[in-house]
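Geometric and topological summary
The chain contents come next:
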Amino acid sequence: MKNWMLFGITAIIVFLLAMLAYTIMDRKTEARFAYQPKVKLEGIEPRDSVWGLNYPRQHQSYQKTADTTFSSLYNTSGKRDVLEENPEMVILWAGYGFSKDYNHPRGHAYAVEDIRQTLRTGAPMEAGEGPMPSTCWTCKSPDVPRLMSEVGVTEYYSKKFSDLGSEVINPIGCADCHNPETMNLTITRPALIEAFEAMGKDVNQASHQEMRSLVCAQCHVEYYFDKSIPGKEDAQYLTFPWKDGMDVASVEKYYDNIDFADWVHPLSKARMIKAQHPDYELYSLGVHAKRGVSCADCHMPYKSEGGQKFTDHHIGSPLSNVENSCFVCHREKESDLVTDVYERQRIIKAGTSKLQRLIAMAHIEAAKAWELGASETDMENILQGIRHAQWRWDYSVASHGAAFHAPLETSSIVTSATGIIQDTRIELARLLASMGYNQKVDMPDFADKDALQAYIGLDIAEEKAAKETFLDQVVPEWLKEGKARQEKKEVTTVSSR
């Protein structure tokens, strides 16, 4: 009896081992044939649908960037009106496109659609019209490196936004980050390469782990359009202001040294800088970067499917995927991790909310000083204070992940900006008093976005009507022409062996 039991147990073990071996062999066989190329990727292929024939898992996961259901304490993957939530921003950005329209960013799948729809890009009915240069397309589509290759980088930067409407039809995708021949990560935007050169570095020396952040840094950065490069005066050349450093003070100094301004504020007359989205810069100053964690580790974690380990291209907030994004390193409960993130965000949000109100008031108080006859000499330090305070505020809020990426640095930026604007308003009060104005300056209703847009002279109804006409009449023609052009490009099938 004992021998029969031993025989039975042995048989079961042998059976289980055989099943394990079979499963391993099956998975290895699946892995061997998982990425057999079906088509040849030739040149800069901007269509993700073509790449997806060779890399279906990555493509399918990338398509999920169209999902707009995620929502956290302050952020969302949906299209939520930031100006409605923070009306003071209308005053801060008066005279600049962001005072018209500013929404929470949706996923990469909407990159082209959203830039067409925003009021900031105007309603150009003909090529060559509109307020924006072609440079505004740069981070929206793999059609951009294709165009740069075809017409030249400077020539691309020298056009208008409306000139390229039929050329830029594919949203951010595979060709933005991958070499089609090797699938290695690659830099496709010259601005990043040029920024490294300006710092005396060679981006080609970056490790694979560093590249998993640098491909993101092609776009998730602070930048400006340089219109003064010798021999390229007709171009609005995309440039990263990193020559003297990537921290907020170094970039501020860079802009001051070249006397750069994105626009002149119509109320205060201050020469303003609009921070874009300095995500990479602030991430670089945080603890995760110091520990060697890349952007992709958290925003594109590895996942397994059918025995295959691959990078999840559903690019989004780590809070929507804590198990894969955070638990690789952290052992806390999910609720504790999320609570820690929200606590940092609450603290910084409280600071930036107070700060933006103070800056808005300073713009209006400066306008009163001009009205009463202040001289340029009287206003010089005041305008510098407004410029620097708003730049630092913008640097901390334009990067949506700042409160998580580098909470200490971001808190320091907000604190310094608050000190600057408080000193500036004291100087303004003294100036107003010296001109006989010893009372509070009348302020608009800072809780009403519509009232504030009217206060600065915007006719949003007219802007929206023009945009609707543009979307109805121009964009369909852009798409029709662009798709017809793409259909002429044949896809070469790879013969199976």
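Not measured: the values here are computed from a predicted model.

Some remarks on the nonpolar core
Membership of the largest hydrophobic core comes to 43 residues, with the highest contact counts inside it found for I91, W93, M379, I386, W393 and I421. Sorting the residues of this core by element identifies α4 (82–85), α5 (88–92), α16 (334–371), α17 (376–398) and α19 (407–434) as the ones contributing at least two each. Top element by residues in this core is α16. It accounts for nine residues. Ranked by size, the runner-up nonpolar core spans 37 residues in total, among them C136, F161, L192 and F196.

A word on the state of the cysteines
Under the defined criterion, the tally for this structure stands at zero disulfides. A disulfide-free cysteine, C136 has its sulfur positioned 10 Å from the sulfur of C139, the nearest such atom.

Re helix α11 (residues 248–257)
Restricting attention to buried positions, one finds in α11 the residues V248, S250, V251, E252, Y254 and Y255. Directly beyond the C-terminal end of α11, a positive phi value near 55 degrees is found at D259.

Some remarks on the pattern of salt bridges
Under the counting rule described, the total for this entry stands at 23 salt bridges. Linking D81 and K449 is a salt bridge whose minimum nitrogen-to-oxygen distance equals 2.8 Å. Placement of the pair is D81 in the loop between α3 (56–62) and α4 and K449 in helix α20 (residues 449–455), with a sequence separation of 368 residues. Accessibility expressed as a relative area gives 23% for D81, which makes it partly exposed. Across the salt bridge formed by K368 and E371, the nearest N and O atoms sit 3.3 Å from each other. Remark: E371 and K368 occur in helix α16; sequence separation between them is three residues, near one turn of the helix.

Regarding the packing of α17 against α19
The interhelical angle for the contact between α17 and α19, taken along N-to-C directions, is 155 degrees, at an axis separation of 8 Å. Classified by the angle between their axes, α17 and α19 sit roughly antiparallel to one another. For the pair α17 and α19, the sense of crossing is left-handed. Facing D378, M379, N381, I382, G385, I386, H388, A389, R392, W393, Y395 and S396 of α17, the residues of α19 in contact are T410, I413, V414, S416, A417, I420, I421, T424, E427, L428 and L431. Considering only residue class, the contact of α17 with α19 consists of 13 nonpolar, seven polar and three charged.

Quick look at the packing of α16 against α19
Between α16 and α19, whose axes approach to 9 Å, the crossing angle comes to 25 degrees. Taken together, the axis directions place α16 and α19 in an arrangement best described as roughly parallel. Judged by the twist between their axes, the crossing of α16 over α19 is left-handed. When grouped by side-chain class, the residues that make up the contact of α16 with α19 number 15 nonpolar, six polar and five charged.

Regarding the pairing of strand β7 (residues 308–311)
Relative to β7, strand β6 (residues 302–305) runs antiparallel, the two being bridged by four bridges. Residue pairing for β7: E305 is matched across the bridge by Q308. Joining the antiparallel neighbours β6 and β7 is a turn of two residues, in which G306 adopts a positive phi near 60 degrees.

Comments concerning helix α21 (residues 460–473)
Counted at 1.5 Å a residue, the expected span for α21 with its 14 residues is 20 Å, and the 20 Å between its end C-alpha atoms agrees. The complete set of buried residues in α21 reads I460, K467 and F470. Down the axis of α21, the buried set is contained in an arc of 85 degrees. They therefore lie on one face. For α21, exposure combined with an orientation more than 90 degrees from the buried face picks out A461, E462, D472 and Q473.

Things to note about the side chain of R57
With respect to the helices and strands, the residue R57 is situated in helix α3. Judged by its relative accessible area of 15%, R57 is buried. Side chain to side chain, R57 and E305 meet in a polar contact 3.4 Å long.

Comments concerning the confidence of the model for the protein chain
Averaged over the protein chain, the pLDDT score is 93; the fraction of residues at 70 or greater is 92%. Within the model, pLDDT remains below 50 along residues 21–33, and this stretch shows seven contacts once partners closer than five positions in the same chain are excluded.

Points about unusual backbone geometry
In this structure, D259 takes a positive phi of about 55 degrees despite not being glycine. By the element assignment, D259 lies in the loop between α11 and β4 (263–264). Backbone geometry places K269, a non-glycine residue, at a positive phi of 70 degrees. Mapped onto the elements of the fold, K269 is located in the loop between β4 and β5 (271–272). Exposure remark for K269: the relative accessible area of 41% places this residue in the partly exposed category.

Some words on the environment of Y156
Position of Y156 relative to the elements: it lies in helix α8 (residues 153–157). Judged by its relative accessible area of 0%, Y156 falls in the buried class. In this structure, the C-alpha to C-alpha distance between Y156 and N324, residues 168 residues apart in sequence, is 40 Å. What Y156 contacts, discounting residues up to four positions off in sequence, is S134, T135, W137, T138, V144, L147, M148, V151 and L164.

Conventions adopted
- Residues numbered from 1 in each chain as written.
- Predicted model: local features only at pLDDT ≥ 70, side-chain atom pairs only at ≥ 80, totals over all residues.
- Heavy atoms only, no water.
- Core = buried A, V, L, I, M, F, W, Y, C linked by side-chain atoms within 4.5 Å.
- Buried < 20%, exposed > 50% of the residue type's maximum accessible area, 1.4 Å probe, protein only.
- Helix = DSSP H or I, 4+ residues; strand = E, 2+ residues; numbered from the N terminus.
- Disulfide = S-S within 2.5 Å.
- Salt bridge = Lys/Arg side-chain N within 4 Å of Asp/Glu carboxyl O.
- Axes fitted to C-alpha atoms, helices over the stretch in contact; angles between N-to-C directions.
- Parallel < 35°, antiparallel > 145°, perpendicular 65-115°, else oblique.
- Left-handed = near helix turned anticlockwise from the far one by under 90°.
- Contact = heavy atoms within 4.5 Å.
- Nonpolar A, V, L, I, M, F, W, Y, C, P; charged D, E, K, R; others polar.
- Pairing = 2+ DSSP bridges.
- Expected span 1.5 Å × (residues − 1).
- Arc of directions from axis to C-beta.
- Polar contact = N/O pair within 3.5 Å; in protein donor to acceptor, adjacent residues only side chain to side chain.
- pLDDT = per-residue confidence, 0-100.

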